[in-house]
Amino acid sequence: MKSLKLTEYELVYLIAQILWTLQDDEDYSEQTRLVAEEVSEQIASELHNYYLYQIGLTNYAHRLVNLTKLIESSKVVLNAKKDVFILARIFYLFECDLTKSELFDWKE
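Residues numbered from 1 in each chain as written. Predicted model: local features only at pLDDT ≥ 70, side-chain atom pairs only at ≥ 80, totals over all residues. Heavy atoms only, no water.

Asks: Got a minute to help me understand the overall build of the protein chain in this structure?
Replies: A tally of regular secondary structure across the protein chain gives three helices and zero strands. Listing every helix and strand of the protein chain by position from the N terminus yields α-α-α. Scored against the burial criterion, the 108 residues of the protein chain give a buried share of 19%. Restricting to contacts in the protein chain with at least 6 residues of sequence separation, those with at least 24 account for 53%. Accessible surface for the protein chain amounts to roughly 9,200 Å². Of this, 58% is attributable to carbon and sulfur atoms. (Helix = DSSP H or I, 4+ residues; strand = E, 2+ residues; numbered from the N terminus. Buried < 20%, exposed > 50% of the residue type's maximum accessible area, 1.4 Å probe, protein only. Contact = heavy atoms within 4.5 Å. Areas by Shrake-Rupley, 256 points an atom, 1.4 Å probe, with all protein chains shown as cover.)

The following block contains the structure:
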C-alpha cells in the first residue's frame, strides 16, 4: 500500500470514515445513526470533489477501492490488538497502564 502515496486529504478521509462508521451491533439512537450517515455522505462527496476538481481524476474507482482496503485492514489489526490485550489480562502477561504513558501529557 506504500505505492498509493496517500495525500493529506485522503488520510483525513480515511480517519473521518473510521470515526464516523457505526458498528451494527452497537446500540445507537436513531439521531446518532442519521448524523453518522450524513457525515459519511458529506466526506464521500468531499473526496469526490477533491478527485475531480483538485486532482483532475475522472476515474478514481481503483484508488477508492484501495482506500477501502486500508480501512478494513486497520480494523483487522485493531481487533488483533484487542485480542492480545484480552489474553494478557486473562493470563496476567503484562500490565498496560496508559495513565503513566508518554501518550499523555499529565501535569503532576
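Next, the rest of the story.
Asks: Help me understand the environment of Leu 64 in this model?
Replies: Positionally, Leu 64 belongs in helix H3 (residues 61–91). Through-space distance from the C-alpha of Leu 64 to that of Leu 47 is 9.5 Å; in sequence the pair is 17 residues apart. Look past the residues within four positions of Leu 64 in its chain and what remains in contact with it is Tyr 13 and Leu 47.

Asks: In this structure, what is going on with the side chain of Glu 10? I would like to understand it.
Replies: You can see Glu 10 is positioned in helix H1 (residues 8–20). Judged by relative accessible area, Glu 10 falls into the buried class, the value being 0%. One polar contact links Glu 10 to Tyr 51, side chain to side chain, over a distance of 2.4 Å. With residues near it in sequence (within four places) discarded, Glu 10 still touches Lys 5, Leu 47, Tyr 50, Tyr 51, Arg 63 and Leu 67. (Polar contact = N/O pair within 3.5 Å; in protein donor to acceptor, adjacent residues only side chain to side chain.)

Asks: How should I be thinking about the packing of aromatic side chains in this particular structure?
Replies: In this description, a pair of aromatic rings is defined by centroid distance and the angle of the planes. For the coordinates displayed, the defined rule picks out three aromatic pairs. When the centroid spacing of 4.3 Å and the interplanar angle of 5° are considered together, the rings of Tyr 9 and Tyr 50 count as stacked. Taken together, the residues span a long stretch of sequence, with Tyr 9 in helix H1 and Tyr 50 in helix H2 (residues 30–55) at a distance of 41 residues. Under the relative-accessibility criterion, Tyr 50 is labelled buried at 11%. Grouped by ring-pair contacts, the aromatic residues Tyr 9, Tyr 50, Tyr 51 and Tyr 60 constitute a single cluster. (Phe/Tyr/Trp six-rings, centres within 6.5 Å; stacked < 30°, edge-to-face > 60°.)

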